[in-house]
Amino acid sequence: MALRRFFLNTLLLFKMQVALYRFLGFFTAIVAVLVPLGTLFLILFTSGATSQEHAYLLLAGNIVVSLVNTCITSLGQYIGNMKEARGFEFYATLPVSKLSLVLALMGSNIMLSLPGFIAVGILGWFILGIKINIGPGFFLAVLLTAATMASIGTMIGVTAKNGQQANHISLVAMFVFIFLAPVYYTIESLPLILQWWGRIQPVTYGANAIRASLAGMPVSSYYLDLLILLAMATVSLLFVTKGIKWREG
Amino acid sequence: MQTAIEAIGLSKTYKKNDVRANIDLNLQVKEGEIFGLLGPNGAGKTTFVKQVVGLLKPSSGSLRVLGEDVIGNPDSVRSNLNYMSQNIFAVWHLKIREVIEYSGRLRGLSLGEAKKQTQNLLEELGIEEHADKAIFHLSGGLRQLAGFGAAFIGKPRLLVLDEPTSALDVARRRKLWEKVRELNQKGGVTVLLVTHSVIEAEHLLDRLAIIQDGRLKAIGSPGELKQKVDNRLRLEIIPHNGGLPAGLTRDLSEVGEVFEANNRVVVLTSRGTLQKAVGLVEKNGLDCIDDFRIGTANLEDVYLKLGGGVLGAA
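Residues numbered from 1 in each chain as written. Chains lettered and ligands numbered in written order. Predicted model: local features only at pLDDT ≥ 70, side-chain atom pairs only at ≥ 80, totals over all residues. Heavy atoms only, no water.

Asker: Mind laying out the domain arrangement of chain B, listing which residues take part and the relevant values?
Answerer: Residues and elements named next belong to chain B. The assigned domain composition of chain B is domain 1 (3-220) and domain 2 (226-307). Averaged C-alpha coordinates put domain 1 and domain 2 at centres separated by 35 Å. With both chains or domains summed, domain 1 and domain 2 bury close to 940 Å², and 68% of this area falls on carbon and sulfur atoms. On the domain 1 side of the interface with domain 2, the three residues burying the most area are Val198, Glu202 and Ile210, jointly 46% of the side's total. Taken together, domain 1 and domain 2 are joined by zero salt bridges. Seen at the junction of domain 1 and domain 2, the total is zero residue pairs in polar contact (both at pLDDT 80 or more). (Domains from an automatic or database assignment. Buried area = accessible area lost by both parts, 1.4 Å probe. Salt bridge = Lys/Arg side-chain N within 4 Å of Asp/Glu carboxyl O. Polar contact = N/O pair within 3.5 Å; in protein donor to acceptor, adjacent residues only side chain to side chain.)

Put into structure tokens, the structure is as follows:
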């Protein structure tokens, strides 16, 4: 009974959050599409895809960029602004759990990233001319990567002192997760220190898993990547749920 | 009658600026009563309310709401308590109908029941024509009404309203007070109300507490407080063009306590000297007043006497 209530409340809160895109949907979808597409074109125009393997790297990297953009940057900024305006107060006085709200916020932002990676997928396939496999394995990889990203975005939002700080931190985070991680390149091609840094970053495992599923060649490391993402998503979710303060001290 | 809220030695100090917002508060709100909290700005009323609804952690003392320890388990009271948040920023994008309906569903109503109650509330609050407008498109008053709808829906045992009518016109205020009374009398809902509208509150409240500088100054029914504080008669004078002549004010202060409230001059005087006060007005002030009336001391007098604002010395 309690579990049913939890899922129902999460669904209701999710629907409440999704309604936000009635007003912001067009612009957020544009941003969600433009950032990864812009990055994809930049790379193609400067270096191009040198091999099929490189093409899969670029494609998976851009899907990760799309997820980072919506699940870390947009979500972090939204929660930071909501926190500053004491927006949590409305939910805090309703009989709902923090986990329900966190899942609803994350879910709505994951949904927001859909247009971005669909556009990247279609255009990447069209321009790069590689065969891509969109199946359950791909969606599982995207979902787990997005969940981890959204936990980080939520964490930024709830720990920032105000909306402005959340904006700054999420932009820095975007830079760190996109350019200082093996998103567009294999981890082996990075300097040693960044290889170590890459090993503790969820985007590394997200990009690996998405790349493997797109190429349609799930290898053993694919399952390991998913397992690591699942662990990271669970830990960060628990951490975030604890971090949201319903009650002031 | 059971206790809905029981605060014992409740204190709250904000660590950030070391402000003591509540100091050793002891009060009980009984189940089924409409209880008011009155006091000037910064008195500590909202701090108390936020502790009751579990949004703020007390620094010391104990606080039980509907039999549950809110300090140890702040989540425990939420399923039986509806709080009208002053802040609906979080749902600025939702339509009024959605805000009310979702609030009902999150409080455990079925879809059918939530829709039915939402429709009734929209009609009762007179906002049906705005029901499908988003919160951020609305005026302050309509937003407040939407907040009311979200607070009223469900089957609460305790309704907490923090300055709920500050943005409303007189007609809508009356409608709201009627709804609050109806919920209390027909539904047995206990109401904790913070308001600045002392005169309106007088007709609504069963009991009230006056808080000033974080401390409880008085508690009781409006009648008890009026009697305790003042059993004198009240001569209320409405001057035109900026007040009474200084000479008249001085003369009146010799027969009673004189102070200003809401652009009116009030003289609180004993039954024996009322005639003298009226005589003074008749003799020296009829040309410079719009109206005057006689009655017993009201809650506003009690509030001002306890909370300051005295103009002349008696």
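Asker: I'd like to hear about the sheet that holds strand S5 (residues 68-69) of chain B, residue by residue, with values.
Answerer: Residue and element names in this part refer to chain B. Strand order across the open sheet formed by four strands is S2-S1-S4-S5, with antiparallel pairing between neighbours. Pairing within the sheet leaves two strands with one partner each, and these edge strands are strand S2 (19-30) and S5. Across the sheet, helix H1 (residues 45-52) touches strand S1 (3-14), S2 and strand S4 (60-65), and the angle it forms with S1 is around 120°. (Pairing = 2+ DSSP bridges. Helix = DSSP H or I, 4+ residues; strand = E, 2+ residues; numbered from the N terminus. Contact = heavy atoms within 4.5 Å. Axes fitted to C-alpha atoms, helices over the stretch in contact; angles between N-to-C directions.)

Asker: Tell me what's going on with the packing of helix H7 (residues 136-159) of chain A against helix H10 (residues 202-215) of chain A, and back it up with residues and numbers.
Answerer: All names here are of chain A. Orientation of H7 relative to H10, taken along the N-to-C sense of each, is 165°, at an axis distance of 8 Å. In this view, H7 runs roughly antiparallel relative to H10, as classed from their interaxial angle. The handedness of the crossing between H7 and H10 comes out as left-handed. Across the interface between the two elements, Gly137, Phe138, Ala141, Val142, Thr145, Thr148, Met149 and Ile152 from H7 touch Pro202, Val203, Gly206, Ala209, Ile210, Ser213 and Leu214 from H10. Among the residues making up the contact of H7 with H10, the classes are represented as 10 nonpolar, five polar and no charged. (Parallel < 35°, antiparallel > 145°, perpendicular 65-115°, else oblique. Left-handed = near helix turned anticlockwise from the far one by under 90°. Nonpolar A, V, L, I, M, F, W, Y, C, P; charged D, E, K, R; others polar.)

Asker: Could you give an account of the packing of helix H3 (residues 52-84) of chain A against helix H6 (residues 114-128) of chain A, naming the residues involved and the relevant values?
Answerer: All names here are of chain A. Running from N to C, H3 and H6 point in directions that differ by 165°, and their axes come no closer than 9 Å. Comparing the axis directions of H3 and H6 gives the class roughly antiparallel. You can see that H3 and H6 cross each other, and the crossing is right-handed. Judged by residue contacts, Ala55, Leu59, Asn62, Ile63, Ser66 and Leu67 of H3 engage Gly116, Phe117, Val120, Gly121, Gly124, Trp125 and Leu128 from H6. By residue class, the composition of the contact of H3 with H6 is eight nonpolar, five polar and no charged.

Asker: Tell me about the interface of chain A and chain B, and please be specific about residues and values.
Answerer: Taken together, the 30 residues of chain A in the interface contact 37 residues of chain B. Summed over both sides, the interface between chain A and chain B buries roughly 3000 Å², with carbon and sulfur atoms accounting for 62% of that surface. Seen at the junction of chain A and chain B, the total is two salt bridges. The shortest N-O distance in the salt bridge between Glu89 of chain A and Lys50 of chain B comes to 3.3 Å. Taken together, chain A and chain B are joined by six residue pairs in polar contact (both at pLDDT 80 or more). Within the residue set of the side of chain A that touches chain B, elements represented by two or more residues are helix H1 (2-18), helix H2 (21-46), H3 and helix H4 (88-92) of chain A.

Asker: Describe the pattern of salt bridges, naming the residues involved and giving the relevant values.
Answerer: Side chains carrying opposite charge are able to pair once their charged atoms draw close together. Residue and element names in this part refer to chain B. Counted according to the given criterion, the structure contains 14 salt bridges over all chains. Notably, a salt bridge pairs Lys179 with Glu182, separated by 3.6 Å at the nearest N-O pair. Of this pair, Lys179 and Glu182 both sit in helix H5 (residues 170-187), three residues apart, which is roughly one turn of that helix. Among the residues examined, Glu182 registers a relative accessible area of 32% and is labelled partly exposed. Arg293 is the partner of Asp291 in a salt bridge, and the nearest nitrogen-oxygen pair spans 3.4 Å. (Buried < 20%, exposed > 50% of the residue type's maximum accessible area, 1.4 Å probe, protein only.)

Asker: Requested: an account of the confidence of the model for chain B, with residues and values cited.
Answerer: Interpretation of the predicted coordinates at a detailed level should be avoided for regions scoring low in pLDDT. Overall, the predicted model of chain B reaches an average pLDDT of 86, with 95% of residues at or above 70. Taken together, the stretch residues 308-314 of chain B has pLDDT below 50 and engages in 17 contacts with residues farther than four places along the chain or on a different chain. (pLDDT = per-residue confidence, 0-100.)

Asker: So, the side chain of Lys45 of chain B: which residues are in play, and what are the values?
Answerer: Residues and elements named next belong to chain B. Tracing the chain through its elements places Lys45 in helix H1. Here Lys45 occupies a buried position and makes no salt bridge, while the nearest side chain of opposite charge, Glu163, is found at 4.4 Å. Once residues lying within four places of it in the same chain are set aside, the contact partners of Lys45 are Leu37, Leu38, Gly39, Pro40, Glu163, Val194 and His196. (Lys, Arg positive; Asp, Glu negative; His and termini not counted.)

Asker: Quick rundown of the pairing of strand S11 (residues 233-239) of chain B? Include the residues and the values.
Answerer: All names here are of chain B. Taken across its seven residues, S11 has seven buried, putting it largely inside the fold. Alternating positions in S11 separate into two faces, Leu233, Leu235, Ile237 and Pro239 on one and Arg234, Glu236 and Ile238 on the other, with burial throughout. Where S11 meets strand S13 (residues 264-269), five bridges bridge the pair, whose relative direction is antiparallel. Bridge pairing links Leu233 to Thr269 in S13.

Asker: Residue-level account of the packing of aromatic side chains, with values.
Answerer: In the structure shown here, the tally under the stated rule is six aromatic pairs over all chains. A ring pair is formed by Phe90 of chain A and Tyr91 of chain A, whose centres lie 5.5 Å apart and whose planes are at 90°; its orientation type is edge-to-face. Judged by its relative accessible area of 7%, Phe90 of chain A falls in the buried class. For Tyr91 of chain A, a relative accessible area of 0% translates into the label buried. For the pair Trp92 of chain B and Phe136 of chain B, a centre-to-centre distance of 5.2 Å together with 85° between the ring planes defines the contact as edge-to-face. Here Phe136 of chain B lies in the loop between helix H3 (111-124) and helix H4 (140-152) and Trp92 of chain B lies in the loop between strand S6 (81-84) and helix H2 (96-106), a separation of 44 residues in the sequence. The lysine or arginine in question, Arg199 of chain A, covers the ring of Trp196 of chain A, its NZ or CZ lying 5.5 Å from the ring centre. (Phe/Tyr/Trp six-rings, centres within 6.5 Å; stacked < 30°, edge-to-face > 60°. Lys NZ or Arg CZ within 6 Å of the ring centre and 35° of its normal.)

Asker: Tell me what's going on with the sheet that holds S13 of chain B, and back it up with residues and numbers.
Answerer: Backbone-to-backbone hydrogen bonds join strands into a sheet, with any given pair of strands oriented parallel or antiparallel. Residues and elements named next belong to chain B. Pairing is antiparallel in the open sheet, where four strands are placed in the order S12-S13-S11-S14. Looking at the sheet topology across the chains shown, the edges are occupied by strand S12 (257-261) and strand S14 (289-296). Sheet twist, expressed as the mean angle between neighbouring strand axes with direction ignored, is 20°. Its contacts with the sheet put helix H9 (residues 274-284) on S11, S13 and S14, and the angle it makes with S11 is roughly 10°.

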